[in-house]
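Overview (structure and organization)
Residues per chain, in single letters:
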Amino acid sequence: MVRSVSPQQAHDLISRGEVEVIDVREPNEWSTGHLAGARLVPLAQFRANPKAALPRDGVLFVCAAGVRSETAARLAASSGFTKVYNLSGGTRGWVKAGKPLVHDLSVAV
């Protein structure tokens, strides 16, 4: 089951170390800013082999608005993962909630 979470709920999950953040946007979108500590796995790459992209259960999926990340989250859930979260509103909602984005490109896959 996929659980949609608000930016504040996502921030809390990340702060407690309960989730790995997977950003399923494209590299050009990633370079405009992403959540700190996130890992870039574009949706097409994730679709090809979901289990290879997820080292553990406890994943928060992020995209620009929450649509592609919902798709990725459903794929993860159907692959047997149980702690699957989707950031409602994506990075746009994150910024609107006053949360920062970073521009560190070294975390990209």
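Anyway, here's the lowdown on the structure attached to this text. (Residues numbered from 1 in each chain as written. Predicted model: local features only at pLDDT ≥ 70, side-chain atom pairs only at ≥ 80, totals over all residues. Heavy atoms only, no water.)

For the rest of this paragraph, the subject is the overall build of the protein chain. If you tally the helices and strands in the protein chain, you get six helices and five strands. In sequence order, the secondary structure elements of the protein chain are arranged as β-α-β-α-β-α-α-β-α-β-α. Compactness check: the protein chain gives a C-alpha radius of gyration of 12 Å against a globular reference of 13 Å for 109 residues, within 12% of the reference. Over its C-alpha atoms, taken along the principal directions, the protein chain stretches across nearly 35 × 25 × 25 Å. A burial count over the protein chain gives 44% of its 109 residues as buried. Looking at the protein chain as shown, the accessible area adds up to about 5,400 Å², and 55% of this sits on carbon and sulfur atoms. Both charge centroids of the protein chain, one from 13 positive and one from 9 negative side chains, sit 4 Å from each other. (Helix = DSSP H or I, 4+ residues; strand = E, 2+ residues; numbered from the N terminus. Rg over C-alpha atoms; globule rule 2.2 N^0.38 Å. Buried < 20%, exposed > 50% of the residue type's maximum accessible area, 1.4 Å probe, protein only. Areas by Shrake-Rupley, 256 points an atom, 1.4 Å probe, with all protein chains shown as cover. Lys, Arg positive; Asp, Glu negative; His and termini not counted. Charge placed at Lys NZ, Arg CZ, Asp CG, Glu CD.)

This paragraph deals with the sheet that holds strand S2 (residues 20-23). Spatial strand order, S1-S5-S4-S2-S3: five strands in an open sheet with parallel pairing. Each edge of the open sheet is held by one strand with a lone partner, namely strand S1 (2-5) and strand S3 (39-40). Contacts from helix H5 (residues 67-78) reach S1, strand S4 (59-62) and strand S5 (84-87) within the one sheet, and its direction differs from that of S5 by about 175 degrees. (Pairing = 2+ DSSP bridges. Contact = heavy atoms within 4.5 Å. Axes fitted to C-alpha atoms, helices over the stretch in contact; angles between N-to-C directions.)

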